[in-house]
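Fold and geometry: a report
One-letter residues, chain by chain:
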Amino acid sequence: MMHHKTRVRFAPSPTGPLHIGGVRTALYNYLFAKQQGGDFILRIEDTDSTRFVPGAEEYIRETFDWLNLPFDESPAKGGDYGPYKQSQRKEIYKKYVHNLLDEDAAYIAFDTPEELEAKRAEIPNFQYDASTRDKMRNSLTLTEEEMQALIKEGIQYVVRIKIDPDREIIVDDMIRGRVVVNSSVLDDKVIYKSADELPTYHLANVVDDHLMEITHVIRGEEWLPSAPLHVWLYRSLGWEKHMPQFAHLPLLLKPEGNGKLSKRDGDRLGFPVFPLQWTDPKTDEVSSGYRESGYLPEAVINFLAFLGWNPGTEQEIFSLNELVQAFSFDRCSKSGAKFDVEKAKWYNHQYILRMSDHDLAELFMPVLQEKGISVSVEQAEKVVSLVKERVHFISELWDQSCFFFVAPTTYDEKTVQKRWKQETPEQMKQLSALMAGMDDFSAENQEKTVMDWIQQNQLHTGNVMNAFRLAIVGAGKGPHMFDITGVIGKEETLRRLERAISILQLH
């Protein structure tokens, strides 16, 4: 195998929705591959047919479409190294199982679950390895005739990798450095099961990575204990010189920092742990997703990039291209990264602020239509430009701007008590007359005219403006008053003043 080009793979199992930690792993694979001018490959590891969940594979594909992280090769796209689903590679694995058996690097074992359980009860801390394999029912203790008779009889068996004791196994990790393990701590792992004629994850992933010419295996820290076994498998298959480089990424931790982030943490604290909404096909239970919760894909990518990596500068907002340029494993943390949902919201807010008013208005239009509001995109643009500073999500735009589209029918009681004084109705009548006489109703002219009037009549600016806001908005909130009236226009402003005076003057 000649490593001319960087090739990385993301290899999820279709056993349910993709965890946000898996998305972070895929993102780091993508950033590294693109920085090196390499390929980013999707491989579906579906050898465990008992755990397969309908819809999970489509969910994976939809996630990366939404995040705009395209694969160079995948089951859907194809490529020169397929098939890209392990369930379609059965015959490939069988060949390498036979090779290992022929080289005496693996052996067949017939032990039943009951026999294994009995051995665990008999031997403390039992491990199927060089010290115990000669006491078990396998091809090392049976004659060839006995073994063939069992196979002919249809007795189920497994193939185990044969690990020699007291050998040094070295894992060179791009984040953790050199890890040295003694082979005696490893057991003779099952690498193939006759029951379903499929390999276990360990053999399948090593064979696939080799045949697909994967140059770097970038995966979660939970796979670190398996890395010595994988190195041994490369050695046993004669591929040690062409082994990929490893990088084991830090875990995503609960917000409190004690343990791995789980769906329960999201449910408990009210944030998604899946990229997209997921409906469990068995229970119909719905789990929230970042997309449906109103997160922008660019914000999710930026947020995830910083969970376990930092650029070494003060910069926090990075486009995908900037992340590709800046990413490096020497700035990845060895320790777990605490999940901070407030930071996720902050990123979303930053990306909303950076969007053009036109694009933001386009996203807001479906919300307005849902509320029965019919306005042009140009009108929506004016409104979002005034309220986007106040929102973290598109869905919050309505709460911050509803008064632009719908006149208040009630008035916030606390604000009325505080802001609507005995002299207010008369002041609002005078203000209404003043505004009725304006030919130029631009925000700038309104402000100058009204402020001059307040000064000339020696009125209290705060009292007048707060009452004016209450009349127009129905509460003590919203952007600059004359920006609001500039958008709703003269007629609507006068109508709202008149209505407030009539309703509140008896207060």
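Analysis parameters
Residues numbered from 1 in each chain as written. Predicted model: local features only at pLDDT ≥ 70, side-chain atom pairs only at ≥ 80, totals over all residues. Heavy atoms only, no water. Helix = DSSP H or I, 4+ residues; strand = E, 2+ residues; numbered from the N terminus. Rg over C-alpha atoms; globule rule 2.2 N^0.38 Å. Buried < 20%, exposed > 50% of the residue type's maximum accessible area, 1.4 Å probe, protein only. Contact = heavy atoms within 4.5 Å. Core = buried A, V, L, I, M, F, W, Y, C linked by side-chain atoms within 4.5 Å. Axes fitted to C-alpha atoms, helices over the stretch in contact; angles between N-to-C directions. Parallel < 35°, antiparallel > 145°, perpendicular 65-115°, else oblique. Nonpolar A, V, L, I, M, F, W, Y, C, P; charged D, E, K, R; others polar. Pairing = 2+ DSSP bridges. Expected span 1.5 Å × (residues − 1). Salt bridge = Lys/Arg side-chain N within 4 Å of Asp/Glu carboxyl O. Polar contact = N/O pair within 3.5 Å; in protein donor to acceptor, adjacent residues only side chain to side chain.

1. Thoughts on the overall build of the protein chain
- The secondary structure content of the protein chain amounts to 20 helices and 14 strands.
- The globule rule puts the C-alpha radius of gyration for 507 residues at 23 Å, and the 33 Å found for the protein chain is more than 25% above it.
- Counting every position in the protein chain, which comprises 507 residues, the buried fraction comes to 49%.
- Counted over contacts in the protein chain with a minimum sequence separation of 6, partners at least 24 positions apart contribute 71%.

2. Regarding the nonpolar core
- Core analysis: the largest hydrophobic core is formed by 111 residues, its most contacted members being Phe-339, Met-435 and Phe-468.
- Take this core: its biggest share by element is nine residues, from helix α1 (residues 20–35).
- Apart from residues lying up to four places away in sequence, Phe-468 is in contact with Met-428, Leu-431, Met-435, Met-481, Phe-482, Thr-485, Thr-493 and Leu-497.
- By size, the runner-up hydrophobic cluster in this structure holds 37 residues, among which are Ile-41, Ala-105, Val-171 and Ile-214.

3. Observations concerning unusual backbone geometry
- Look at the link from Gly-82 to Pro-83: it is a cis peptide, with omega at -5°.
- Structurally, the position occupied by Pro-83 is in the loop between α2 (56–67) and α3 (90–102).
- At Glu-213, a residue that is not glycine, the phi angle is positive and equals roughly 55°.
- Along the chain, the position of Glu-213 falls in the loop between α6 (201–211) and β9 (216–220).
- Backbone geometry places Asp-284, a non-glycine residue, at a positive phi of 65°.
- Within the secondary structure layout, Asp-284 lies in the loop between β12 (278–279) and β13 (286–287).

4. Some thoughts on the packing of helix α18 (residues 461–473) against helix α20 (residues 490–504)
- Interaxial distance between α18 and α20 falls to 8 Å at its minimum, and their mutual angle equals 100°. Classified by the angle between their axes, α18 and α20 sit roughly perpendicular to one another. Here Phe-468, Leu-470, Ala-471 and Ile-472 of α18 come into contact with α20, specifically with Thr-493, Arg-496, Leu-497, Ala-500 and Leu-504.
- Of the residues belonging to the contact of α18 with α20, the class tally is seven nonpolar, one polar and one charged.

5. Describing the environment of Ala-106
- With respect to the helices, strands and loops of the structure, Ala-106 is situated in strand β3 (residues 106–109).
- The spatial distance from the C-alpha of Ala-106 to the C-alpha of Glu-413 is 79 Å, given a sequence separation of 307 residues.
- Residues contacting Ala-106, with those up to four places away along its chain left out, are Leu-100, Leu-101, Val-159, Arg-160, Ile-161, Lys-162 and Ile-191.

6. Points about the environment of Trp-453
- Summarising the element assignment, Trp-453 is placed in helix α17 (residues 443–456).
- For Trp-453, a relative accessible area of 9% corresponds to the buried category.
- Separated by 19 residues in sequence, Trp-453 and Leu-434 have C-alpha atoms that sit 8.4 Å apart.
- Contacts of Trp-453, omitting those with residues within four sequence positions, involve Gln-427, Gln-430, Leu-431, Leu-434, Leu-459 and Val-464.

7. Quick word on the pairing of strand β2 (residues 39–42)
- What you see with β2 is no split at all: Asp-39 and Ile-41 on one side and Phe-40 and Leu-42 on the other are buried throughout.
- The pairing of strand β1 (residues 7–10) with β2 spans four bridges and is classified as parallel. Among the inter-strand pairings, Val-8 is bridged to a residue of β2, identified as Phe-40.

8. Observations regarding the pairing of strand β7 (residues 190–193)
- Sheet topology note: the strand β4 (residues 158–161)/β7 ladder contains three bridges and is antiparallel. In the strand pairing of β7, Arg-160 is matched with Val-190.
- In this sheet, strand β8 (residues 198–199) lies alongside β7 in antiparallel orientation, the contact comprising two bridges. From the neighbouring strand, Tyr-192 faces β8, where its bridge partner is Pro-199.

9. Thoughts on α18
- The first and last C-alpha atoms of α18 sit 18 Å apart over 13 residues, in line with the 18 Å expected at 1.5 Å per residue.
- Buried within α18 we find Val-464, Met-465, Ala-467, Phe-468, Arg-469, Leu-470, Ala-471, Ile-472 and Val-473.
- Tucked inside the fold, the buried residues of α18 contact α14 (397–405), α15 (413–419), α16 (424–436), α17, α19 (481–488) and α20.
- Immediately downstream of α18, the backbone of Gly-474 shows phi near 95°, a positive value.

10. A short note on the pattern of salt bridges
- A full pass over the atoms with the stated rule returns 38 salt bridges.
- Among the salt bridges present, the one from Arg-7 reaches Glu-73, with a minimum N-O distance of 2.7 Å. In this pair, Arg-7 sits in strand β1 while Glu-73 sits in the loop between α2 and α3, placing the two residues 66 residues apart along the sequence. Each member of the pair Arg-7 and Glu-73 is classed as buried.
- In this structure, Glu-222 engages Lys-260 in a salt bridge whose closest nitrogen and oxygen atoms are separated by 3.9 Å. Of this pair, Glu-222 sits in the loop between β9 and α7 (227–236) while Lys-260 sits in the loop between β11 (252–253) and α8 (263–269), and the two are 38 residues apart along the sequence.
- Judged by relative accessible area, Glu-222 falls into the partly exposed class, the value being 42%.
- Taken together, the shared-partner salt bridges connect Arg-9, Arg-43, Glu-45, Arg-89, Asp-208 and Asp-209 into one network.

11. What about the side chain of His-202?
- Mapping His-202 onto the fold places it in helix α6.
- The exposure class assigned to His-202 is buried, which follows from its relative accessible area of 12%.
- A polar atom in the side chain of His-202 sits 3.0 Å from the side chain of His-230.
- Excluding its chain neighbours within four sequence positions, the residues that come into contact with His-202 are Lys-189, Ser-226, Leu-229, His-230 and Leu-233.

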